[in-house]
Amino acid sequence: MTLVKKAAVLLMAAVMSLAFAIPALADTKPSFQDVSQDAYYYPAVEWAWLRDITKGTSSTTFEPESVCTRGQVATFLWRAADKPEPKTTKNPFTDVKSTSPFYKAILWAYENNITTGTSKTTFSPNHPCTRAHVLTFLWRSLGKPEAPYSELA
């Protein structure tokens, strides 16, 4: 398994239980008052924080029980992939402005077939990202690996 795939798998484990973060001041170690070092997700929070995949919702809070949006999850994946510049200059989504903090991440996810949007012209960046959305984004970001039992359905 490549390093990028391992990183994506670990990232999605964190995404399933973590909140989106807005950049907070850098520190040597995350010190969120709402994330106990005994919490099962603490290593995932620390891992993602140290790699600038996510930050806290403030300098002291992470909000681990908050729901992520579609734009936030696309941004997690984009950051985990080292923030590649999108190659496309055409934005198909009328609800994603160039000033959006998710803009580059969403264009990158679109051009890499990680998302097709919620319609041909919308992405719905502020809508909640369901577990199904998260897993579909992850599956597509890993090249749609075969599911061994999918033929049985």
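Thresholds, definitions, all that
- Residues numbered from 1 in each chain as written.
- Predicted model: local features only at pLDDT ≥ 70, side-chain atom pairs only at ≥ 80, totals over all residues.
- Heavy atoms only, no water.
- Helix = DSSP H or I, 4+ residues; strand = E, 2+ residues; numbered from the N terminus.
- Buried < 20%, exposed > 50% of the residue type's maximum accessible area, 1.4 Å probe, protein only.
- Axes fitted to C-alpha atoms, helices over the stretch in contact; angles between N-to-C directions.
- Parallel < 35°, antiparallel > 145°, perpendicular 65-115°, else oblique.
- Left-handed = near helix turned anticlockwise from the far one by under 90°.
- Contact = heavy atoms within 4.5 Å.
- Nonpolar A, V, L, I, M, F, W, Y, C, P; charged D, E, K, R; others polar.
- Disulfide = S-S within 2.5 Å.
- Core = buried A, V, L, I, M, F, W, Y, C linked by side-chain atoms within 4.5 Å.

Engineer: Which residues make up unusual backbone geometry, and what are the values?
Structural biologist: For Lys 83, which is not a glycine, the phi torsion comes out positive at approximately 55°. Note that Lys 83 resides in the loop between α3 (70-80) and α4 (103-111). Residue class for Lys 83 comes out partly exposed when judged on its relative accessible area of 42%. A positive phi is found at Lys 144, a non-glycine position, where the angle reads about 55°.

Engineer: Now, about the packing of α3 against helix α5 (residues 131-141): what can you tell me, with residues and values included?
Structural biologist: The description of two packed helices rests on the angle between their axes and on the distance between the axes. Their axes nearest at 11 Å, the elements α3 and α5 cross at an angle of 30°. As the angle between them shows, α3 and α5 are arranged roughly parallel. As for the relative orientation of α3 and α5, their crossing is right-handed in sense. Residue-level inspection shows Arg 70, Val 73 and Leu 77 of α3 in contact with α5, the latter providing His 133, Val 134, Phe 137 and Ser 141. Looking at side-chain class alone, the contact of α3 with α5 contains four nonpolar, two polar and one charged residues.

Engineer: Lay out the state of the cysteines with the relevant residues and their values.
Structural biologist: The final tally for this structure, using the stated rule, is zero disulfides. Not part of a disulfide, Cys 68 finds its nearest cysteine sulfur in Cys 129, a span of 7.4 Å. Given the relative accessible area of 6%, Cys 68 is considered buried. We classify Cys 129 as buried; its relative accessible area is 10%.

Engineer: Let's hear about the nonpolar core: which residues, and what values?
Structural biologist: Ranked by size, the top nonpolar core spans 24 residues in total, and within it Ile 106, Phe 123 and Phe 137 carry the most contacts. Those elements that place two or more of their residues in this core are α2 (42-50), α3, α4 and α5. In this structure, Phe 123 is in contact with Arg 70, Gly 71, Ala 74, Phe 93, Asp 95, Val 96, Ile 106, Thr 115, Gly 117, Thr 118 and Phe 137, ignoring residues within four places of it in sequence. Listed in part, the eight residues of the second largest apolar core include Phe 32, Ala 39, Trp 49 and Phe 62.

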